[in-house]
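Spelled out from the first residue to the last, the chains are:
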Amino acid sequence: MSNIKKLIKKCKSYLVKKTVVVQSRAIAETNIEIDVSLKNFMSYAGINAVLTNGMETIDLPCRRVKKNLTISIPISHLSDDVNNYVVLSNTKQKFWLKLDEHIKEKVFYHVVGNKLFRLSINKRIMVKNLLPDFSFSNELKIIKKLHTSYNDLTVVLENADLNVGSNVKMFALKHGEMKPLEIAVNKEISTIEVLDFNHLSQGDWRLIITIDNIAYFLKTETQEEISLLTANHQGILKYINKNFYLSLDNYYLGTEAVELKVNEDVIQLEVATDMQSDKFQYTFLIQDTKFNKEFVCPVELTNNGFKTEILLENMLEGSTIKRFFLLKEDNKGKHFKYQFFIETAKIFKRKSFKVIYNSQEYVLRIYRRKDKSMGSIIVRKPKLRRLIKSADNFHFSGFIGNLQVFKDCTFYLAVEDRNTLDIVEYPLTEEHFEVPITAVDLIKVKGKKKSILDFFITVKDAEGNTIRKDKIKYERADYRKDNYYESIKENDEYGNTHYFLITTTPFANMKIETFTIPKDVNMLSNTAGKDPNVWLIGERYNTAQDNGIALFRWLRKNTNIAAYYVIEEDAEDYRMLEDKEHILRFGSKEHFEIASRAKILIGTHDLENLLPYKPAQGFFNYEDTIKVFLQHGVLGRKPVEYDKKNYELPFDLFIVSSDPEKYDVVMNKMGYNEEEVAVTGLARFDNLPKENNSKDILLMPTWRDWIHTDEQFLKSQYYDYYNNLINNERLQEILEEYNVNLNFYPHYRAQDFFAQDINEENSRIHFIRLGSKTVQQLLIDHALLITDFSSVSFDFTLMNKPVIYYHFDVNRFFKRGILRPVEETFLGKIAQNEADLVDMIEESIENNFKNFDIELDNIIKYQDRHNCRRIYQAVLSKLEKENEKNEG
């Protein structure tokens, strides 16, 4: 019987997901080798290993001896600054990898080829280069003396060779997190003071020092343990497997009981603990680590501990998870941070409870964290269920649900103009609703002749304040940029015709697109009237400084094409156009008439920006035009939304700058055919000078698409990093020393915020207002560009000028993938943190802004300043082929 059980168990192991046991790893000069056991496998056919970083995949060499497989990872294949994963699979499934039970360490650090790699194994193998900008030495730097004070850690090195001109940095490493430390260096006595030592979290940290471009691990002269005490830590220096660690732990308070009550807008918390109440002053601390915020509450001492009151908003705003600490102040005014030690969750007399905040019901829980400390978590936020199921003839049918979590509230279906924020609301009295919306209502709310109206469910409290405003999805959504589901039109009292079309966003949120045909406009009504000599060109509604205006000017100067450029009359760029001949004011009578006649439509963005009406089949013979995507940058970084599948009538001609951009990106990834893509180069490149006579620095970051509100922006890492940079004292000193200015040109969505953060007393850092100069002129006027992911870097590189990329959030920015490998398109130097960025800026200034040694041919095929001519010829060729097709 036992043999049968063994057989069944063995069979099961072959039916479930296979697990591969990692037995050992070895380090060679140029590669990392992983030995795995295949004892769970009956067949080895088709087993292979690949290396992937989420952007590209490479096959790895493997060799098998019986049931053992050795995977070789060449370090030349490992991408810098991102996680690299080794995935093992066969033709049917992927396999899980786990460490052999005899291997105690879960994370390994290896120096291979003068690079430091972190290797971890959890279902798959992860490898990351931790300090890609440094060459890592196998030599260890010796700590002669080490001690702590209240806030600082002081390290005295032996034979460190800290020359006067050497650049010294220090890092702390834990679980793959490489944290740069703020330090003060006395090179004469080889002493380093770590100023932000208290910010390190608990755990085992390894210390790394970099001297110029060489990195070293630190170790002590002897392996004896040394105790450390600071404001936040009680720690020791110790050795684990012959490696030196700084082992930090928190101060703890033994906790016997926790009781809490809710009283209107506060939580009353009472804690029984072993604090020394008669000798010290105490304050309760709430920490929001995600948003880097802290809240303090006064403490009232009790016979066996303390009690405090916490505002509900401090518990519910920001991150869903908070941590609790007790601050102890001694008679010298020094604060020490204590963590509550929770032996068992049974000490909580009440764990979860409901609270009413902002007329909404939350479920909050005080809990025992994995490290046995105390914190809170929002278990349930008030969720509003909502959906529009149909919109036939503008009769909107849908439902809202989970209304019981809203107290004394009223609900509305709202339609809001995206430009003016004017809104019309329809009361909803039941969960299932039927709301007819008339064109007359919509005419009242639309703020511009051409606009977008968004749908929301709004929730108002008893006083009429809007406490929720959530977008609502459409059940029948089938997103295309140029389609619509329903339409109505209505003449107003002046005889103008208003069109309203129900469409959706890429996320299936419902919206209405609207445009107005003035009564005195004579629109083309037949296909034969499309004129192949009339070309309508544009960029965004309100800009004239990119490829569109460059091509327009070239066509006007060098051809007989009747080229027209369209832009809004109140745009800053419109006022700056000196020659307004053939410039159309968006929505004007002339614009409507030319748009309906134009055979060729050329845009740097979607053609919404060129046409005063919806670019969709059936509207003024739109389907009979030739649609040209001029682009506003070089593709290869972040995926864009111009895939062929996103259109019912896609672009007929797609302009690119190189063969790799054509074949690898636009054809292979975006779905266009070869004859639909032309390698010409960008029109604006023709106007770039080849000489660099400038001196100043341009800081020009792009936007983050995960930031949607002003509040999110002000709480974002994006805002913090750039705000810190423009106020960096060392940067200001460097600029002053070398008589160089840094001009900050934020993305248009961030302009107003950063304008307030520039210290005008500092004459070296200046804010550039949107529209005060064209982007191209800004690029021409500067010697060094600092950006993050913006494609304007290619313009700068084409002028043979250096670019430094600030990649503090590169993984999040490319979380949806990248079109080409980082090293192919980021031509220049890359900084991951502020200190490195400032170092690179100083180095570039000292080198008189000499460009880096880069290869541009795979990004920009033609560098002859004849791109406009090639674009013109490509359009004529497309027009000729269409004529041949129609005649045939």
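See above for the structure.
Residues numbered from 1 in each chain as written. Predicted model: local features only at pLDDT ≥ 70, side-chain atom pairs only at ≥ 80, totals over all residues. Heavy atoms only, no water.

**Brief notes about the overall build of the protein chain**
The following threshold applies: Runs of E in the DSSP output that reach at least two residues are strands. Runs of H or I that reach at least four are helices, and both are numbered from the N terminus. Radius of gyration means the value over C-alpha atoms here, while the globule rule gives 2.2 Å times the residue count to the 0.38 power. Burial here depends on accessible area, computed with a 1.4 Å probe over protein chains only, as a share of the maximum for the residue type. Under 20% is buried, over 50% is exposed, and the range in between is partly exposed.
Counting secondary structure elements, the protein chain contains 17 helices and 55 strands. Relative to the 2.2 N^0.38 estimate, which gives 29 Å for 888 residues, the radius of gyration of the protein chain is 32 Å and therefore close to what a compact globule would have. C-alpha atoms of the protein chain, sized along the principal axes, occupy 90 × 80 × 65 Å. Within the span of the protein chain, comprising 888 residues, buried residues form 55% of the whole.

**A short note on the pairing of strand β24 (residues 266–273)**
Going by this rule: A pair of strands is labelled paired if DSSP reports no fewer than 2 bridges between them.
Burial within β24 is extensive, with six of its eight residues counted as buried. Between strand β23 (residues 251–263) and β24, which pair antiparallel and follow one another directly, the connecting turn spans two residues, one of which, E264, has a positive phi of 55°. Inspection of the sheet shows β24 paired to strand β27 (residues 305–311) by seven bridges, in the antiparallel sense. Across the sheet, A272 pairs through a bridge with G305, a residue of β27.

**Brief notes about the side chain of D330**
As a reminder of what qualifies: Contacts between residues were defined by any pair of non-hydrogen atoms, one from each residue, lying within 4.5 Å.
Examined against the element boundaries, D330 turns out to sit in the loop between β28 (321–329) and β29 (335–341). Among residues more than four places away in sequence, those in contact with D330 are F280 and F336.

**Overview of the sheet that holds strand β53 (residues 784–787)**
Keep this limit in mind: Lines fitted to C-alpha atoms define the axes, with helix axes restricted to the stretch in contact, and inter-axis angles between N-to-C directions lie between 0 and 180 degrees.
Taking strand neighbours across the sheet as the criterion, the six strands line up as β52-β51-β50-β53-β54-β55 in an open arrangement whose pairing is parallel. Sheet topology places β52 (765–767) and β55 (829–831) at the edges, where each strand pairs with a single neighbour. Going across the sheet, the axis of each strand differs from the next one's by a mean of 20°, ignoring polarity. As paired elements, β53 and strand β54 (residues 803–806) share three bridges and run parallel to each other. Within β54, the residue paired with L785 across the bridge is V803. In the packing of helix α10 (residues 729–738) onto the sheet, the strands contacted are β50 (697–699), β51 (742–744) and β52, and the crossing angle to β52 comes to about 105°.

**A closer look at the sheet that holds strand β34 (residues 395–401)**
The antiparallel open sheet is built from three strands, whose spatial order is β33-β34-β37. Looking at strand neighbours, the two that pair on one side only are β33 (385–390) and β37 (432–436), the edges of this open sheet. Strand after strand, the sheet turns through a mean of 25° between neighbouring axes, direction not considered. When β34 meets β37, the two strands line up antiparallel, connected through five bridges. Looking at the pairing, H395 lines up with P436 of β37.

**A short note on a positive patch on the surface**
Heads up, the rule is: For patch detection, residues must exceed 30% relative accessible area and be free of salt bridges, and they are connected within 9 Å for like charges or within 5 Å for nonpolar side chains (Val, Leu, Ile, Met, Phe, Trp, Tyr). Here, Shrake-Rupley sampling with a 1.4 Å probe gives the accessible areas, and only protein chains in the shown set may cover a residue. For this analysis, a salt bridge means a side-chain nitrogen from Lys or Arg found within 4 Å of a carboxyl oxygen belonging to Asp or Glu. When charges are counted, Lys and Arg are positive and Asp and Glu negative, with His and the chain ends excluded. Charged groups are reduced to one reference atom each: NZ for lysine, CZ for arginine, CG for aspartic acid, CD for glutamic acid.
On the surface, a cluster of positive charge is contributed by K290, K381, R812 and K815. Here R812 is to be found in helix α14 (residues 810–813).

**Some points on the pairing of strand β18 (residues 203–211)**
Among the nine residues in β18, seven count as buried, and that is most of the element. Of the strand pairs in this sheet, strand β14 (residues 168–174) and β18 are connected by six bridges, and their pairing is antiparallel. Residue pairing in the sheet places F171 in a bridge with I208 of β18. Across three bridges, the pairing between β18 and strand β22 (residues 243–249) is antiparallel. Across the sheet, residue G203 finds its bridge partner in β22, namely L248. Where β18 lies against strand β19 (residues 214–220), four bridges are found, and the strand directions are antiparallel. When the sheet's bridge partners are listed, I209 is paired in β19 with Y216. Counted along the chain from β18 to the antiparallel partner β19, the turn is two residues long, and its residue D212 has a positive phi close to 55°.

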